[in-house]
Amino acid sequence: DVQRSELKLGEAQAWASSLASVVERAELRFGEVTKSAVRAIEQAENLYQRVGELYEVKAGRLRALITESLWMRGDDVTLLAKRDVRIDGDRINLG
């Protein structure tokens, strides 16, 4: 078994019909990342993301399915709709 390996490349390209890997721990550092896929699926027990400036999602539709609770906090929060806004709950507390 190889205990340690190091690979330094100026530029690399790879093509495969399938790729599978099992890694106990990975640390990746990039200057810029571009990802493109027809469909992407991510799955984690817990997921933490930290963004220093802006986190933007552009989508035709956005759906979040939460089984327990949803909590959002911000100095200022704006929800803007061109048409209807619906709030449905046993109790709605404002203020």
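Everything here concerns the structure above.
The present account deals with the structure reproduced in this document. (Residues numbered from 1 in each chain as written. Predicted model: local features only at pLDDT ≥ 70, side-chain atom pairs only at ≥ 80, totals over all residues. Heavy atoms only, no water.)

1. Overview of the overall build of the protein chain
For step 1, the next point in the chain: Along its length, the protein chain carries 0 helices and 0 strands.
For step 2, the next point in the chain: Relative to the 2.2 N^0.38 estimate, which gives 12 Å for 95 residues, the radius of gyration of the protein chain is 21 Å and therefore markedly larger than a compact globule would have.
For step 3, the next point in the chain: Overall size of the protein chain, expressed as C-alpha extent along the three principal axes, is 60 × 30 × 30 Å.
For step 4, the next point in the chain: Relative to its 95 residues, the protein chain shows a buried fraction of 0%.
For step 5, the next point in the chain: A total accessible area of about 12600 Å² is found for the protein chain, and carbon and sulfur atoms account for 46% of it. (Helix = DSSP H or I, 4+ residues; strand = E, 2+ residues; numbered from the N terminus. Rg over C-alpha atoms; globule rule 2.2 N^0.38 Å. Buried < 20%, exposed > 50% of the residue type's maximum accessible area, 1.4 Å probe, protein only. Areas by Shrake-Rupley, 256 points an atom, 1.4 Å probe, with all protein chains shown as cover.)

2. Describing the pattern of salt bridges
For step 1, the next point in the chain: Applying the stated criterion across every chain yields a total of 5 salt bridges.
For step 2, the next point in the chain: When the shortest N-O distance is used, the salt bridge between glutamate 6 and arginine 4 registers 3.7 Å. With respect to class, glutamate 6 is no different from arginine 4; both count as exposed.
For step 3, the next point in the chain: For arginine 86, the salt bridge goes to aspartate 84, with nearest N and O atoms at 3.4 Å. Of the two residues, arginine 86 and aspartate 84, neither departs from the other in class, the shared state being exposed.
For step 4, the next point in the chain: Shared partners join several salt bridges into a network, and the residues in it are Arg4, Glu6 and Lys8. (Salt bridge = Lys/Arg side-chain N within 4 Å of Asp/Glu carboxyl O.)

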